[in-house]
Structure formats: C-alpha cells, structure tokens
Amino acid sequence: LETLGYKQKTSYRPEVDLQFTHHLSAFTHLQQSTVELHWTIARPSSSYSIDPGIDPNELWARAMPARIGHVDALGLSAEDLLLHLCLHASYHHRFEFGLRPSCDIAETILRFGDTLAWPQIVERACRWRWARGTYLALRLARELVGAAVPDEVLQQLQPMSFDETIVVAARSQIFTDRRLAYAISPKLARLRESSGLSAKMRELWHSVFLPRTDMAGRYGVSLTSPLFYLYFLVRLRALFSTYARMAFRLWRRDPKLSPVAQRKAILLNWLSEK
C-alpha cells in the first residue's frame, strides 16, 4: 500500500495494534480511497460481551470468490458479511454512522436473497455473543429502510424482557450529527451517566490506571522499567488534554451534548450485557 502511494495519518506499531484492535489505522490515497487492513473482525479486548477469540481461519474456510475491480479475490460469506455489518453498526460504532449501515444490511439481504442461511446467522450471532447487536441492527434496518429480515429471525435473536427504549435510543443516534456523536468517547459517556460520586470515581480510576500490561503495550515501556509508573501521569495528561473541555460541557449539562451522551451510555450498557 505504501508503495502504491497510500499513507497513514497515524503510524502503526504491530505489537500494540495486535493487542488492542483488529485492524491497522486507515491507509488513504490522495484523500480519495481508503483501505483498512484487518486480521480479524472483532476487537481482541472489549468492554462488550462479544467473543474476542473468533478464529479467522473459520472465516477463510467459508470465504466466497469475489471480483473487486479487475482482480479476483475472496470475500466474506454472505452470512459472515451480514453479521459483520451488524457488528460494525452496533458494537463498533453504536449506530453513529447514519443510515448507511442499515442500507448496507438491506442491500446485502436483497443481493443474496433466498441463498442466505438465516439459521446459521442466528447460530453464529449467539455463539459469538453478538445476538443483541445483531438483533438491534437487523430490526432498525427493517424498520428504517425496509430490509427483508424474517420475523422469526428477530424473534429468535430478541433478548428476554426487551426494553423498547433501546430502539428509541439507537434510532435517535442514527439521526444525530455524526461529529457530535463521535465527540463523546464511550468512557466519557459512561462517566457522565454514572450514578453517585463513588461510581464516577471508579470510572475515572479505571480510565487512568489501566492494567500494567495495557500500559506497557500502549506506551511501549517495559514492565520492569524504573520509569514505568510515570506513564500513568502521561496518561492522565493525555486524557485531560483530550477530554477536559468536553467533560466540562457535559458537567454543565450542555443541551446538545447531554442527550447524546445519555443515549450512548444506554447503548453501551445494554450491548455489554450477556
């Protein structure tokens, strides 16, 4: 990619990227085309209940021939593609991409039609612990853009004692300005909606004082280094410089930001339940 003229805004460190994410930061060519290099489809470490140990070999075994431009390639199977679209819309981006994911889901179902193995989709969603996000993404795609999702699929995926306010929150996020929604990090949303001082202090503590192995990976410092604990000050400074202004606006109950943070926290907590 670099030989072809693609460049990254942020450099990559394999030892860090492999530990904390599932793809390198995007490569962009002349601000026109973008490529993300994935080695799997789910993040290895996540606050969600999804299974981080999905075997990429399982995905390769089901891969289907695809024609991209003038090149023969392999793509995800229809069922894996649909599940990944649901994962990306719900767990990865919490319905902050507008209607595009719903349209993608609808077009994928239309493209593969009767060949889609819906029982396999349900089975994998449950086995990978994606059932909640898959249910919500499929339901919204059907309600908003007419995706042909069978009733029995939604019935099988719907969690017990489902609260319709979750649908309302997700639908509202879809129609929220993406820049506004992205401005509030998941941790900041949870901090804003934590009830009580002790819960807020606990959220702050876990944001600053990451596990030692996480700190070593993120900052490239040895666990045995005499300077190791100074990097907690580095993290505190980074968090303050990045989120202080937004946290102040949320503390002041900014009328534009507060509802967005509340909806994000609701979705984060619901998607994290098992």
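Residues numbered from 1 in each chain as written. Predicted model: local features only at pLDDT ≥ 70, side-chain atom pairs only at ≥ 80, totals over all residues. Heavy atoms only, no water.

What follows covers the pairing of strand 4 (residues 64-68). Counting buried residues in strand 4 gives zero out of five residues, a small share hidden from the surface. Of the pairings in the sheet, the one linking strand 4 to strand 5 (residues 71-75) comprises five bridges and is antiparallel in character. Bridging across to strand 5, Met64 finds its partner in Gly75. Hairpin connection, strand 4 to strand 5: the antiparallel pair is bridged by two residues, and Gly69 has positive phi, about 65°. (Buried < 20%, exposed > 50% of the residue type's maximum accessible area, 1.4 Å probe, protein only. Helix = DSSP H or I, 4+ residues; strand = E, 2+ residues; numbered from the N terminus. Pairing = 2+ DSSP bridges.)

Counting 45 residues, the largest nonpolar core has Phe95, Ile105, Trp118, Trp130, Leu136 and Leu138 as its most contacted members. When contributions to this core are tallied by element, the ones reaching two or more residues are helix 3 (78-92), helix 4 (100-112), helix 5 (118-127), helix 6 (131-145), helix 7 (151-157), helix 8 (165-174) and helix 14 (257-272). Ranked by the residues each element gives to this core, the list is headed by helix 3, at eight residues. Core analysis: the second largest hydrophobic core is formed by twelve residues, Ala181, Ala189, Leu257 and Leu268 among them. (Core = buried A, V, L, I, M, F, W, Y, C linked by side-chain atoms within 4.5 Å.)

Moving on, we come to the packing of helix 6 against helix 14. Taken N-terminus to C-terminus, the directions of helix 6 and helix 14 make an angle of 130°; their axes are 8 Å apart at the nearest point. As judged from the angle between their axes, helix 6 and helix 14 are oblique. Counting all contacts with helix 6, which are made through Arg132, Gly133 and Leu136, the residues of helix 14 involved are Leu267, Trp270 and Leu271. (Axes fitted to C-alpha atoms, helices over the stretch in contact; angles between N-to-C directions. Parallel < 35°, antiparallel > 145°, perpendicular 65-115°, else oblique. Contact = heavy atoms within 4.5 Å.)

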